[in-house]
Amino acid sequence: MSSSSPVVDEANRIAALFDYPAAEVNRGVKEFIREMNEGLEKEGATLSQIPSYVTAVPNGTEKGIYLAVDLGGTNFRVCSVHLHGDSTFSISQSKVAIPRELMVTAHAKELFAFLALQIERFLQTHMADHFTSHVEKRQTGHVTEPYAEEQIFDLGFTFSFPVNQHGINKGTLIRWTKGFDIAEVVGQDVCGLLQEAIDARSLPVRVAALVNDTVGTLMARSYCSPGSTRALIGAIFGTGTNGAYVEKLARVTKMAKIDSERESDTSYDKSTGEMVINVEWGSFDNSLTVLPNTPYDVDLDEHSVNPGIQMFEKRVSGMFLGEILRRVLLAMSRDEGVKLFGGESGANGNGIPADSGLYVRWGIDTSFLSTVKADHSEDLGATKAQIKRELDIDNPSLDDCRAVKVLVHAIGKRAARLSAVALGAVVISTGRLNEGDGIADVGVDGSVVEHYPGFEDYLRAAFREIPEIGEEGEKRIRIGVAKDGSGVGAALGALVARETRGR
Ligand code: ADP
Ligand code: MG
């Protein structure tokens with residue numbers, strides 16, 4: 001055993017602040033279930049519990065060819081998804097960067113015309129037969145009657161901005177995020193805007209479903225999951241964190257009020273007795289009644305663009321984990337008794353350059369945590385290399401590397417155990433472990449859950465500590481990565497919309 005050093009001792013002390021013991025997990029689960037119920041009863045609750053109007057999830061036998069588009073941030077993706085009906089699919093896709101001048105413009109038409117043009121190009125390239133037989137004749141005026149139903153492609157639209165959804169293919173933009181700013185679109189139905197642009201080009205495409213990325217993850221996993229079990233939850237642990245799940249329609253008591261207010265323009269299929277709900281769990285416990293709150297969490301929140309908001313996300317998602325670590329490491333480097341990395345740059349000369357990422361907000365990417373967590377070497381060579389690459393610090397001592405590793409472990413483990421609170425609460429509140437085949441199937445997506453080593457093991461350890469799940473129930477929670485959620489998931493949204501239309 002190596003003798004302890006002040007820097008490792010301090011790292012252990014701080015790591016203990018990130019402990020999130022079983023009793024706290026269980027307190028979290030109870031509060032999460034309470035907030036879920038409140039969100040089902042009324043609008044404006046802490047958990048928004050947004051109805052998706054998707055009233056059925058696939059079981060893998062679905063067939064057909066559907067289009068999907070994804071407007072997320074930097075790119076616009078168009079794809080066609082061929083569902084083979086045996087839980088497998090093939091996908092063709094194209095991706096184009098959205099020109100900056102269309103993200104910030106006075107005219108909504110410019111952006112949506114661009115999107116429709118990309119859809120047309122996709123049809124030309126990937127569906128040439130269909131394009132020449134139907135579309136060109138129409139565009140050149142050789143055919144004037146409308147498309148026959150069987151010639152029309154149903155399209156699922158993944159739109160990763162906040163929307164007020166009021167139908168499976170109706171949703172008004174609440175506000176732009178991620179650098180977009182087209183004031184005209186706020187308050188308008190984004191599906192309608194896309195449809196208008198598609199119609200202006202006479203394309204045989206119907207915007208059939210508006211699909212949140214969590215709903216897409218749920219749909220994609222449900223189609224691909226083994227056997228005929230349908231998925232219960234779709235969850236994202238990437239830049240942000242959020243989840244969607246299958247709820248019993250009768251429990252969504254706020255639906256009655258929503259239905260009566262929007263009677264005229266919205267109908268949906270009530271025969272399945274279910275509806276997919278987008279929890280918007282990033283804002284769980286914004287009032288901090290149960291969430292852990294270290295001085296580093298306080299510091300991060302105070303310096304964020306939205307203090308007091310998305311408090312759960314700020315402890316769990318990829319956007320923030322690296323930044324929590326950076327704030328801890330910075331404090332330790334400034335602590336005279338610890339002097340991580342040799343202490344602050346200055347008079348006594350040391351290893352932290354003034355322009356190190358350690359001093360820059362977002363200076364540590366969350367992938368840093370995955371690299372360090374994965375380093376099991378004696379000399380922590382990969383950790384050392386990562387510290388050099390990311391923070392420009394030459395030759396950190398072995399104790400410095402050990403300290404970093406202790407903290408990476410603590411921050412990642414807490415994030416996973418908090419994630420177990422959200423997932424566990426949904427599993428328990430749906431009663432799925434005690435119904436049907438007793439399997440709760442969860443589709444996950446996002447770099448944190450996919451790449452942070454041991455994330456799933458931490459989740460499972462926490463599940464076992466929740467009495468309503470326990471050792472036995474944990475084995476019946478099935479977790480799988482949902483690949484291509486925004487393509488396959490949106491296509492499946494379009495399929496469900498088609499199947500339930502007019503029912
Ligand atoms: P998006 O959320 O845009 O769909 P991702 O799921 O890839 O994209 O998540 C991106 C987030 O994950 C970023 O915050 C990034 O810092 C973090 N990240 C990227 N790579 C890794 C990794 N290897 N391990 C953990 N986090 C990662
Ligand atoms: Mg994603």
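A quick note: this is a predicted structure, and the numbers were derived from the prediction, not measured.

(A) Structural detail: the packing of helix α7 (residues 213-224) against helix α18 (residues 485-500). Put simply, α7 and α18 touch, their axes get as near as 7 Å, and they point 85 degrees apart. Here α7 is positioned roughly perpendicular relative to α18, judged by the angle of their axes. Each of Gly216, Thr217, Met219, Ala220 and Tyr223 in α7 lies in contact with α18, whose residues at this interface are Gly485, Val488, Gly489, Leu492, Gly493 and Val496. Grouping the amino acids of the contact of α7 with α18 by side-chain chemistry returns 6 nonpolar, 5 polar and no charged.

(B) Region of the structure containing the sheet that holds strand β5 (residues 153-159). As summarised here, the arrangement of the 5 strands in space is β4-β3-β2-β5-β8, forming an open sheet in which the pairing is mixed. The open sheet has two edge strands with one neighbour each: β4 (89-97) and β8 (205-211). Strand-to-strand twist of the sheet, defined as the mean angle between neighbouring strand axes without regard to direction, takes the value 25 degrees. As paired strands, strand β2 (residues 63-71) and strand β3 (residues 75-84) are joined by 9 bridges and run antiparallel to one another. Within the sheet, the bridge partner assigned to Lys63 lies in β3 and is His84. Sheet strands in contact with helix α6 (residues 190-200) are β2, β5 and β8, and its direction is about 160 degrees off that of β8. The strands that α18 touches are β2, β3, β4, β5 and β8; relative to β2, the one it contacts most, it runs at about 120 degrees.

(C) Representation of the sheet that holds strand β9 (residues 233-237) within the structure. Read across the sheet, 6 strands follow the order β1-β11-β10-β9-β12-β13 without closing on themselves; strand pairing throughout is mixed. Sheet topology places β1 (50-51) and β13 (477-481) at the edges, where each strand pairs with a single neighbour. Along the sheet, α7 makes contact with β9, β10 (241-248), β11 (274-278), β12 (440-445) and β13, crossing β9 at roughly 125 degrees.

(D) Representation of the pattern of salt bridges. Following the criterion strictly, the structure yields 28 salt bridges and no others. Ionic pairing is found between Arg498 and Asp154, a salt bridge with its closest N-O pair at 2.3 Å. With Arg498 in helix α18 and Asp154 in strand β5, the pair connects residues that are 344 residues apart, well separated along the chain. Overall, the relative accessible area of 1% leaves Asp154 in the buried class. Linking Asp301 and Lys314 is a salt bridge whose minimum nitrogen-to-oxygen distance equals 2.7 Å. Linking Asp301 in helix α9 (residues 295-302) with Lys314 in helix α10 (residues 313-316), this pair joins segments that are 13 residues apart in sequence. The pair Asp301 / Lys314 is uniform in exposure class, with both members buried. Here the salt bridges do not stand alone but share partners, grouping Glu31, Arg34, Glu38 and Lys42 into one network.

(E) Representation of the environment of Thr239. Structurally, the position occupied by Thr239 is in the loop between β9 and β10. Under the relative-accessibility criterion, Thr239 is labelled exposed at 59%. Note: C-alpha distance between Thr239 and Ser260 (21 residues apart in sequence) is 36 Å. Setting aside anything within four residues of it in sequence, one finds Thr239 in contact with Ser317, Gly318 and Met319.

(F) Structural context of the site of ligand 1. The environment of ligand 1 is formed by Gly238, Thr239, Gly318, Met319, Asp365, Thr366, Ser367, Ser370, Gly446, Ser447, Val448 and His451. Taking Thr239, its side chain carries an N or O atom lying 2.8 Å from an oxygen atom of ligand 1. Within the side chain of Asp365, a nitrogen or oxygen atom sits 3.1 Å from an oxygen atom of ligand 1. Elements represented by at least two residues in the shell around ligand 1 include exactly α11 (318-334), α12 (367-373) and α15 (447-451). Among the elements that line the shell around ligand 1, the one with the most residues is α15, at 3 residues. The residue makeup of the shell around ligand 1, split by class, is 2 nonpolar, 9 polar and 1 charged.

Rules used in this analysis
Here the residue numbering is sequential within each chain, running from 1 through the sequence in written order. Labels follow written order: the first chain is A, the first ligand is 1, and so on. For a predicted model such as this one, the threshold for reporting local features is a pLDDT of at least 70, and the threshold for listing and counting side-chain atom pairs is 80 or more; totals across whole chains, interfaces and linings nevertheless cover every residue. Working from all heavy atoms in the structure, the side-chain values ignore hydrogens and water. Orientation is described by lines fitted to C-alpha atoms, with helices fitted over the stretch in contact, and by angles between N-to-C directions that extend from 0 to 180 degrees. Only DSSP runs of H or I with at least four residues qualify as helices, and only runs of E with at least two residues qualify as strands; both kinds are numbered from the N terminus onward. Orientation labels follow simple angle bins: below 35 degrees gives roughly parallel, above 145 gives roughly antiparallel, 65 to 115 gives roughly perpendicular, and whatever is left gives oblique. We call two residues in contact whenever any of their non-hydrogen atoms come within 4.5 Å of each other. Classes in brief: Ala, Val, Leu, Ile, Met, Phe, Trp, Tyr, Cys and Pro nonpolar; Asp, Glu, Lys and Arg charged; the others, Gly included, polar. Two strands are said to pair when DSSP picks up at least two bridges between them. What makes a salt bridge here is a side-chain nitrogen of Lys or Arg within 4 Å of a carboxyl oxygen of Asp or Glu, nothing more. Each residue gets one of three labels from its accessible area relative to the maximum for its type: buried under 20%, exposed over 50%, partly exposed in between, using a 1.4 Å probe on protein chains only. Proximity is defined per residue: if any heavy atom of the residue lies within 4 Å of a molecule or strand, that residue is considered near it. Polar contacts here mean pairs of N or O atoms no more than 3.5 Å apart (in protein, one a potential hydrogen donor and the other a potential acceptor; neighbouring residues in sequence count only if both atoms are side-chain atoms).

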